[in-house]
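# Structural overview
What follows is the residue order along each chain.
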Amino acid sequence: MARVVIRAATSEDEAPFVRLLEASATHLGPWMPQTPWSNVELFQRFLATGRTDVHHKSLLVRVADGELLGTVNLNEIIRGAFQNAILGYWLGAAYVGHGYMREGVALALAQAFEGLALHRVEANVMPRNQHSRRVLLSLGFRLEGHSPEYLQIAGRWEGHDRFALVDREWRAARTSIERDES
């Protein structure tokens, strides 16, 4: 039975979203890009761009109690010959280490490859972010390379490792994971 779902945000999610960001500020600080927006403004932008041709942003929610755990996003969706999206996600500090993000990313991949008919999903992770690396590798992503000074995090240009997964690889990995879990 699924422990989490991913869903579109609604205006009622603003307070829990802001509370989770505030409670997790120290945990998320080393990993998330700084923005000029307050947490309320960040939520408003998340809500406004959540379901467009270019973004498919989702809240990660625990089924048992409806608790907001974080977000899982398919960003910068490009159609045509590319059929690609960039995966991004974050998890509240209190929920790290329970496997929730792995489940949420798996759901986002199903949306990407089945619902949105994408061919490729990529994710960019700082090499020292071992939690994120494990999530991606456990779901079949492969390391494609390293991008120096890829993204500004906490005022510094940080290099990121570039991971990717194509639909054929995802289907094979999903079959293997389902076989291992049964």
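Residues numbered from 1 in each chain as written. Predicted model: local features only at pLDDT ≥ 70, side-chain atom pairs only at ≥ 80, totals over all residues. Heavy atoms only, no water.

### Points about the pattern of salt bridges
Per the counting criterion, the structure on display carries 12 salt bridges. Across the pair glutamate 103 and arginine 3 runs a salt bridge, and its minimum N-O distance is 2.6 Å. Highlighted residues: glutamate 103 in helix H4 (residues 100-115) and arginine 3 in the segment before strand E1 (4-7), separated in sequence by 100 residues. Note on glutamate 103: relative accessible area 24%, which makes it partly exposed. According to the relative accessible area criterion, arginine 3 is partly exposed, its value standing at 33%. Across the pair aspartate 13 and arginine 7 runs a salt bridge whose closest N-O atoms are separated by 2.8 Å. Overlapping salt bridges bring together Arg120, Glu122, Arg142, Glu144, Arg162 and Glu169 as one network. (Salt bridge = Lys/Arg side-chain N within 4 Å of Asp/Glu carboxyl O. Helix = DSSP H or I, 4+ residues; strand = E, 2+ residues; numbered from the N terminus. Buried < 20%, exposed > 50% of the residue type's maximum accessible area, 1.4 Å probe, protein only.)

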